[in-house]
Amino acid sequence: MTDQSYRFPRFFVTAPSPCPYLPGRTERKVFAELKGEDAQTMAEALGRIGFRRSQNVVYRPSCDGCQACVSVRVPTASFRPGRSQRKLLARHADLEVHACEPWATEEQWTLMRRYLAHRHPGGGMAAMDAHDFADMVEQSPIDTVMVEYRERSEHGRTGRLVGCCLTDKQSDGLSMIYSFYDPLAGRSGLGSFIILDHITRAARAGLPFVYLGYWIQDCGRMAYKTKFRPVEALVGGQWRVLED
């Protein structure tokens, strides 16, 4: 017998808390648990209407009087890298890319700590410990991989890990859950390269979209998400190309 709650999930709303992106505002989320045989289908369907996955739940902002968080995705068939993006692809073309099972490793955790310390020292994830990281990576009821970016190996040794992206594989594309990289590796633009690599690989596989998560127009640290043109934004329940 199929548990109907899997097909029609029960939604919950969190209590208001300070917004991590826009000072002086509060945030609230609506979320539902992913479980059972329909978890993959449910995650994909909710993803198309603006939900994001975190471990075994999907969530979406539901803030009073604010709709600043906008879901964005890149249509892979029409994407054409600009000049600077082509340079990035060439600059990091030596990296070896591996899609690994979602099992947290000490090497990944060390990279994550370095990334948070240099890129988001006061962010909401700054207090993350090894157990939190393992939960983020391993608690997924759907088809998930950890994509690793390594410098080319020499003499049979494993190359240095310089980037990772926790990625959900969907029937309509790839959803980039969280990416992180070594800010001290001497590889400028590595974060953007990881996005470009996902777009390239999704296009080769015939997958129409790469989901980038939420974009906030007035949040400068999210501006990079609109540099992958064309980019579609979910506005008024419809995906539309974001105009310049």
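Criteria and thresholds
- Residue numbering note: each chain is counted from 1, following its sequence as written.
- For a predicted model such as this one, the threshold for reporting local features is a pLDDT of at least 70, and the threshold for listing and counting side-chain atom pairs is 80 or more; totals across whole chains, interfaces and linings nevertheless cover every residue.
- Excluding hydrogens and water, the side-chain values take into account all heavy atoms of the structure.
- Using a grid of 1 Å spacing that covers the protein atoms alone, one calls a set of points a cavity when a 1.4 Å probe fits there but cannot get out, and a pocket when the set is open and has protein on both sides within 12 Å along at least five of seven lines; lining residues are those with an atom within 4 Å of a point.
- Grid points are joined across faces, edges and corners, and a volume is the space filled by probe spheres set on the points.
- Secondary structure elements follow DSSP: runs of H or I of four or more residues count as helices, runs of E of two or more count as strands, with numbering from the N terminus.
- Under the scheme applied, nonpolar residues are Ala, Val, Leu, Ile, Met, Phe, Trp, Tyr, Cys and Pro; charged residues are Asp, Glu, Lys and Arg; polar residues are all the others, including Gly.
- Here a strand pair is declared whenever DSSP counts at least two bridges between the two strands.
- Buried residues are those whose accessible area, probed at 1.4 Å on protein chains only, stays under 20% of the maximum for their type, while exposed residues exceed 50% and partly exposed ones sit between those limits.
- Planes of paired rings set the category: under 30 degrees apart is stacked, over 60 is edge-to-face and the rest tilted, where pairs are Phe, Tyr or Trp rings (Trp by its six-membered ring) whose centres lie within 6.5 Å.
- Angular values range over 0 to 180 degrees, each being the angle between N-to-C directions of two axes fitted as lines to C-alpha atoms, with helices fitted over their stretch in contact.
- In this analysis, two residues are considered to be in contact whenever any of their non-hydrogen atoms come within 4.5 Å of each other.

A look at empty space enclosed by the protein
- Scanning the entire structure with this criterion turns up one cavity of 30 Å³ or more.
- What the largest cavity holds in volume is close to 160 Å³.
- Considering the residues around the largest cavity, the lining is formed by 19 residues, among which G47, F51, R52, Q170 and S175 are closest to the centre.
- Elements that contribute at least two residues to the lining of the largest cavity include exactly α2 (39–47), β5 (52–54), β7 (70–75), β10 (161–170), β11 (173–181) and β12 (209–215).
- Partitioning the lining of the largest cavity into residue classes produces nine nonpolar, six polar and four charged.

As for the pairing of strand β14 (residues 238–241)
- As paired elements, strand β13 (residues 232–235) and β14 share four bridges and run antiparallel to each other. Residue pairing across strands places E232 opposite V241, the latter belonging to β14.
- Hairpin remark: β13 followed by β14, antiparallel, with two residues in the connecting loop; positive phi at G236, about 60 degrees.

Some words on the pairing of strand β4 (residues 29–33)
- Of the two faces of β4, the one lined by V30 and A32 is fully buried and the one lined by K29, F31 and E33 carries no buried residue.
- Across five bridges, the pairing between β4 and strand β6 (residues 57–61) is antiparallel. Within β6, the position partnered with V30 by the bridge is R60.

Structural notes on the packing of aromatic side chains
- Overall, the coordinates contain 11 aromatic pairs when judged by the stated rule.
- Taken together, a centroid distance of 5.8 Å and an interplanar angle of 45 degrees make the contact between F11 and F51 tilted. One end of the pair, F11, is in strand β1 (residues 11–13); the other, F51, is in the loop between α2 and β5, with 40 residues separating them in the sequence.
- We classify F11 as partly exposed; its relative accessible area is 38%.
- In this structure F51 comes out as buried when scored by relative accessible area, which is 8%.

Details of the sheet that holds strand β9 (residues 144–150)
- Strand order in the open sheet made by the eight strands is β8-β9-β10-β11-β12-β7-β13-β14, with mixed pairing throughout. Unpaired on one side and paired on the other, β8 (96–100) and β14 mark the two borders of the sheet. Ignoring strand direction, the axes of neighbouring strands in this sheet form an average angle of 30 degrees.
- Of the strand pairs in this sheet, β8 and β9 are connected by five bridges, and their pairing is antiparallel. When the bridges of β9 are listed, C100 appears paired with M146.
- Packed on one face of the sheet, α2 meets β10, β12 and β14 and runs near 100 degrees to β10.

Things to note about the layout of surface pockets
- The computed volume of the largest pocket comes to approximately 1,800 Å³.
- At the level of elements, β5, β6, α4 (106–119), α5 (130–138), β11, α6 (190–204) and β12 are the ones that each hand at least two residues to the lining of the largest pocket.
- The element contributing the most residues to the lining of the largest pocket is β11, with five residues.
- Residues of the lining of the largest pocket, tallied by class, amount to 24 nonpolar, 11 polar and 10 charged.
- Counted as a void, the second largest pocket has a volume near 480 Å³.
- Around the second largest pocket, the lining is made up of 24 residues, and of these R60, P61, Q67, C69 and V70 lie nearest the centre.
- Residue assignment for the lining of the second largest pocket shows that the elements contributing at least two residues are β3 (26–27), β6, β7 and β13.
- Grouping the constituent residues of the lining of the second largest pocket by class yields 14 nonpolar, seven polar and three charged.

Some thoughts on the environment of S175
- With respect to the helices, strands and loops of the structure, S175 is situated in strand β11.
- Under the relative-accessibility criterion, S175 is labelled buried at 6%.
- As a C-alpha pair, S175 and R53 span 122 residues in sequence and 9.1 Å in three-dimensional space.
- If near-sequence neighbours (up to four positions away) are discounted, S175 is found in contact with R52, L166, T167, D168, Q170 and Y211.

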